[in-house]
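Fold and geometry: a report
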Amino acid sequence: MFKFALSEYIRNFWFNLCTILLIIVIMVLSTIFISNIEQDTREYRLAEQYIDKDSIFVTWSFYDLKQMIEDKLGKEDKLLYSQSIAGGIEGNKDANISSLVYPQQVMEKLEPRMDETVNILDAKKNKDIIIAYISHNPYGIEAGDVFSYEILTLEGEDDGICVDVYVAGIIGEGQRLYSSVGEVFSDMVYKDFFNLYSYEQTGKVKMIIPEQELCKIKEIDRINKTSIYENIIINPSDNMSEDERIALAEAISEYEKNIRPITSEMVYPDARDIVYRSNVLHKSELYKYIPLTIIVMVLFIVCVTSIVTIKTIISSRFYGIMYMCGMHYTIAQRMTAVEMTLNSVIATVFAISILTLQNKLKLVGEINCNLDILQYGFMFAICTVIILWSTMTAKRVLKDNPPIQITKNMD
């Protein structure tokens, strides 16, 4: 059986080669499609957990307001903020590096895209070093470097907190970061809560520190009290009554009046409007991929069907001879399934290799082609559809041209 399957595969080499190339193309394209959708919607997937009709927005605050908000919120309430830290390179007063502290949920939903990365397993073993990601910079700091980062405090320049930082990666240009809100518009959508950052345009060096890494520092309390908390989004749970929500919003406004003339409540649009416009924008981003995706999938199914149909028809004479020798015609269907399974495995290996090389070497520039669980799952789904559809197509062709009829027409 194995020898027969191998001889069949070799006999249909050119058909199988075309099928492999077709599967590779559809896998690469589908990976790019899915990665683009993930990239374009990741801010929405984070924002939708915090922005709803009852959300309260605060442009920035000090530690005491942030603490007051947390004290008034329950465990089911959601609070998102960007913690900003001022600092620089120890011994170099001209080297300014502002840091963003990312909570776990932000790191998971809005993981920064990196131009360069290094293995951080060895750095994780050292509890005295914090792992962070830095943007492109004029200070010669690259991925894998360790430098002494001086965190500025309210006490003055001579009373900073110095920590060793291991650079795990270089932040890519032109991506949205959860930092300060920037400008507030009357027609804001969820994207406006995430600033588009580029070192080339701003010249400002940024560093992203995961919150769990910042907690390694013994003087974490001093750092928190020195930090600025920006772009605060408060999402009260259903357990908080409307009166309690209004009281919280008024308490925030009273605090802000003591530090600035314009409060956040005065400048932010209504949360309901933000939610409505955000949903419309999100749907439009998804819809723009649907026509191209449908066209690609239809062409893919047509091509697979044509290849299998032509191959089966050409092989019908051979199957007729084998039928006369005692072979059951269902063996041909099994051979088609075996061939397509082997083609799918070979194509998957090549597709993953191509995508991995692209991610590492940027062969065709910067494109989104991530290899995650969703992408691997879609590849598996493609292979499953190919095998089943090819088997069904072969069965249909053989049903229309049964071996007994083929043997009668051989004369």
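Definitions and cut-offs
Residues numbered from 1 in each chain as written. Predicted model: local features only at pLDDT ≥ 70, side-chain atom pairs only at ≥ 80, totals over all residues. Heavy atoms only, no water. Helix = DSSP H or I, 4+ residues; strand = E, 2+ residues; numbered from the N terminus. Contact = heavy atoms within 4.5 Å. Areas by Shrake-Rupley, 256 points an atom, 1.4 Å probe, with all protein chains shown as cover. Buried < 20%, exposed > 50% of the residue type's maximum accessible area, 1.4 Å probe, protein only. Pairing = 2+ DSSP bridges. Phe/Tyr/Trp six-rings, centres within 6.5 Å; stacked < 30°, edge-to-face > 60°. Lys NZ or Arg CZ within 6 Å of the ring centre and 35° of its normal. Axes fitted to C-alpha atoms, helices over the stretch in contact; angles between N-to-C directions. Parallel < 35°, antiparallel > 145°, perpendicular 65-115°, else oblique. Nonpolar A, V, L, I, M, F, W, Y, C, P; charged D, E, K, R; others polar.

Turning our attention to the overall build of the chain. When helices and strands are tallied, the chain shows 15 helices and twelve strands. Restricting the contact set of the chain to residue pairs at least 6 apart, pairs at least 24 apart contribute 81%. Carbon and sulfur atoms make up 59% of the accessible area of the chain, which totals about 21,800 Å².

On to the pairing of strand 6 (residues 129–134), then. Counting buried positions along strand 6 yields six of six residues, so the element is predominantly enclosed. Burial along strand 6 is two-sided: Ile129, Ile131 and Tyr133 facing one way and Ile130, Ala132 and Ile134 facing the other are all buried. Bridging between strand 6 and strand 11 (residues 205–210) involves two bridges; their strand directions are antiparallel. Across the sheet, the residue bridging to Ile134 is Met207, located in strand 11.

The tally for this structure, following the rule as stated, stands at ten aromatic pairs. Ring centres of Phe57 and Phe193 lie 5.3 Å apart, and the angle between their planes is 35 degrees; this geometry places the pair in the tilted category. Residue Phe57 is found in strand 1 (residues 56–61), and its partner Phe193 is found in the loop between strand 9 (175–177) and strand 10 (195–197); the two are separated by 136 residues along the sequence. What makes Phe57 buried here is its relative accessible area of 8%. Each residue in the set Phe57, Phe193 and Tyr268 is aromatic and connected to the rest through ring pairs, giving one cluster. Between the NZ or CZ atom of Arg260 and the centre of the ring of Trp60, over which it lies, the distance is 4.4 Å.

Here the focus is the packing of helix 2 (residues 13–47) against helix 11 (residues 271–287). Helix packing geometry: the angle between the two helix axes and the distance between the axes. The geometry of helix 2 relative to helix 11 is characterised by a closest axis approach of 10 Å and an angle of 170 degrees between their N-to-C directions. Overall, the two elements helix 2 and helix 11 adopt an arrangement that is roughly antiparallel. Counting all contacts with helix 2, which are made through Ile37, Asp40, Thr41 and Tyr44, the residues of helix 11 involved are Ser278, Asn279, His282, Glu285 and Leu286. In terms of residue class, the contact of helix 2 with helix 11 is made up of three nonpolar, four polar and two charged.

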